[in-house]
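Listed here are the chains, written in short residue letters.
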Amino acid sequence: MFDLLDERGIIDLGIRKEATLEEAIMNLRRRRRHRSDILQEVERILDSVRSNIQGERDDVSNWKRRSGFRGAFSTNETWMMIREPNVQCDWSQRVWFTKATPKFAFITWLAMKDRLSTMDRIMKWSQGVDTACVLCKAAIETRNHLFFECSYASQLWEYLAKGILLGTYSINWSLLVRIVTSGSLDKKGMFCIRYAFQAAIYAIWRERNRIRHGEKPLPIAMLQKLTEKGIRNKLSLMSTRKRRGLETALQFWFQTRL
Ligand SMILES: [Zn+2]
């Protein structure tokens with residue numbers, strides 16, 4: 001505070017340049033009228049600090065909270081106060097839904113943000129790579145191609161979803177995102193289609209990675225059976241645990257098998 005003052009000012013206030021705040025407020029010399037505005041301001045601030053001191057109480061640390069300063073610390077409120085909040089995206093609840101399988105939801109989340117390392121993206125930072133889809137070898141590998149325009153991938157998606165979506169069945173990414181983020185089916189139908197969507201994305205991405213790492217491609221019939229079995233196991237678990245609205249999900253799944 002006193003860095004702003006010249007030697008003369010310090011003498012006028014009667015406070016050492018190196019004084020602590022405590023020393024400064026203990027300096028009870030009669031207040032003078034100063035010609036300089038800054039000295040008047042220093043006197044005013046010292047007066048206000050003096051009047052706020054409650055000598056009989058020990059100092060305590062307080063945390064800044066939304067409702068003012070409080071003794072208790074809240075990680076939640078502190079995080080909210082120091083971060084720049086973004087508008088919540090409309091599909092987050094649809095990807096991170098209750099009883100989703102985390103590894104499926106994670107890959108779906110990356111796909112939603114188009115952050116999977118598909119060859120169209122790798123091409124931008126690595127020249128000369130082979131960009132062809134390893135599943136069908138007939139098109140450039142992009143997010144929209146893999147999910148599910150690709151002739152190989154679409155067979156898995158059709159096997160899982162056509163019986164549920166019927167007339168609204170599609171292999172177009174934007175349309176599918178709209179379907180799985182809307183609430184056009186009842187609770188068990190929505191759970192089945194969202195879960196199948198994530199299971200299919202995961203299975204296709206995993207198969208794509210296996211082939212890129214030199215493994216033999218799985219016949220589509222085997223990938224269909226394995227993925228469907230995983231979904232059935234999940235639905236069976238939901239039925240035995242009596243999740244409200246999902247007790248008949250497995251039954252519904254069987255009814256939608258074409
Ligand atoms: Zn393909």
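Cut-offs used in this document
Residues numbered from 1 in each chain as written. Predicted model: local features only at pLDDT ≥ 70, side-chain atom pairs only at ≥ 80, totals over all residues. Heavy atoms only, no water. 1 Å grid on protein atoms, 1.4 Å probe; cavity = no way out; pocket = protein on both sides within 12 Å on 5 of 7 lines; lining within 4 Å. Points joined across faces, edges and corners; volume = space filled by probe spheres on them. Helix = DSSP H or I, 4+ residues; strand = E, 2+ residues; numbered from the N terminus. Nonpolar A, V, L, I, M, F, W, Y, C, P; charged D, E, K, R; others polar. Phe/Tyr/Trp six-rings, centres within 6.5 Å; stacked < 30°, edge-to-face > 60°. Buried < 20%, exposed > 50% of the residue type's maximum accessible area, 1.4 Å probe, protein only. Domains from an automatic or database assignment. Salt bridge = Lys/Arg side-chain N within 4 Å of Asp/Glu carboxyl O. Core = buried A, V, L, I, M, F, W, Y, C linked by side-chain atoms within 4.5 Å.

1. Overview of empty space enclosed by the protein
Phase 1 of the analysis: The tally for this structure, following the rule as stated, stands at 1 cavity of 30 Å³ or more.
Phase 2 of the analysis: Forming the boundary of the largest cavity are Arg 94, Val 95, Thr 108, Met 112, Val 180, Arg 194, Phe 197 and Gln 198.
Phase 3 of the analysis: Mapped onto the lining of the largest cavity, the elements with two or more residues apiece are α5 (92–95), α6 (102–112) and α11 (187–212).
Phase 4 of the analysis: The biggest single contributor to the lining of the largest cavity is α11, with 3 residues.
Phase 5 of the analysis: Split into classes, the residues belonging to the lining of the largest cavity amount to 4 nonpolar, 2 polar and 2 charged.

2. Quick word on the packing of aromatic side chains
Phase 1 of the analysis: Inspection of the entire model under this criterion finds 13 aromatic pairs.
Phase 2 of the analysis: Measuring from ring centre to ring centre gives 6.0 Å for Trp 96 and Trp 109, while their planes differ by 55 degrees; the resulting arrangement is tilted. Highlighted residues: Trp 96 in the loop between α5 and α6 and Trp 109 in helix α6, separated in sequence by 13 residues.
Phase 3 of the analysis: Looking at Trp 96, the relative accessible area reads 44%, which means it is partly exposed.
Phase 4 of the analysis: By relative accessible area, which is 28% here, Trp 109 ends up partly exposed.
Phase 5 of the analysis: Ring centres 6.1 Å apart and planes at 45 degrees place the aromatic pair Phe 147 and Trp 173 in the tilted group. In this pair, Phe 147 sits in helix α8 (residues 143–149) while Trp 173 sits in helix α10 (residues 173–181), placing the two residues 26 residues apart along the sequence.

3. What to know about the domain arrangement of the protein chain
Phase 1 of the analysis: Taken domain by domain, the protein chain consists of domain 1 (2–52), domain 2 (61–90) and domain 3 (92–255).
Phase 2 of the analysis: Here domain 1 and domain 3 have C-alpha centroids that lie 71 Å from each other.

4. A word on the pattern of salt bridges
Phase 1 of the analysis: Evaluated as defined, the whole model comprises 10 salt bridges.
Phase 2 of the analysis: Arg 44 serves as the salt-bridge partner of Glu 41, at 3.0 Å between the closest nitrogen and oxygen. Taken as a pair, Glu 41 and Arg 44 lie in helix α3 (residues 37–52) at a separation of 3 residues, close to a single helical turn.
Phase 3 of the analysis: A residue is classified by how much of its surface remains accessible, and Arg 44, at 44% relative accessible area, is partly exposed.
Phase 4 of the analysis: Its salt-bridge partner being Asp 47, residue Arg 50 comes within 2.8 Å of it at the nearest N-O pair. Here Arg 50 and its partner Asp 47 are both found in helix α3, 3 residues apart, which amounts to about one turn of the helix.
Phase 5 of the analysis: Taking relative accessible area as the criterion, Asp 47 reaches 31% and is therefore assigned partly exposed.

5. Notes on the nonpolar core
Within soluble globular proteins, side chains that are nonpolar generally end up buried alongside one another.
Phase 1 of the analysis: Counting residues in hydrophobic clusters, the biggest one holds 58 residues, and the most contacted among them are Leu 135, Phe 147, Phe 148, Trp 157 and Ile 204.
Phase 2 of the analysis: Counting only elements with at least two residues in this core, the list comes to α6, α8, α9 (151–165), α10, α11, α12 (220–240) and α13 (249–255).
Phase 3 of the analysis: If you look at the next biggest cluster of nonpolar residues, it comprises 8 residues, including Leu 13, Ala 19, Ala 24 and Leu 39.

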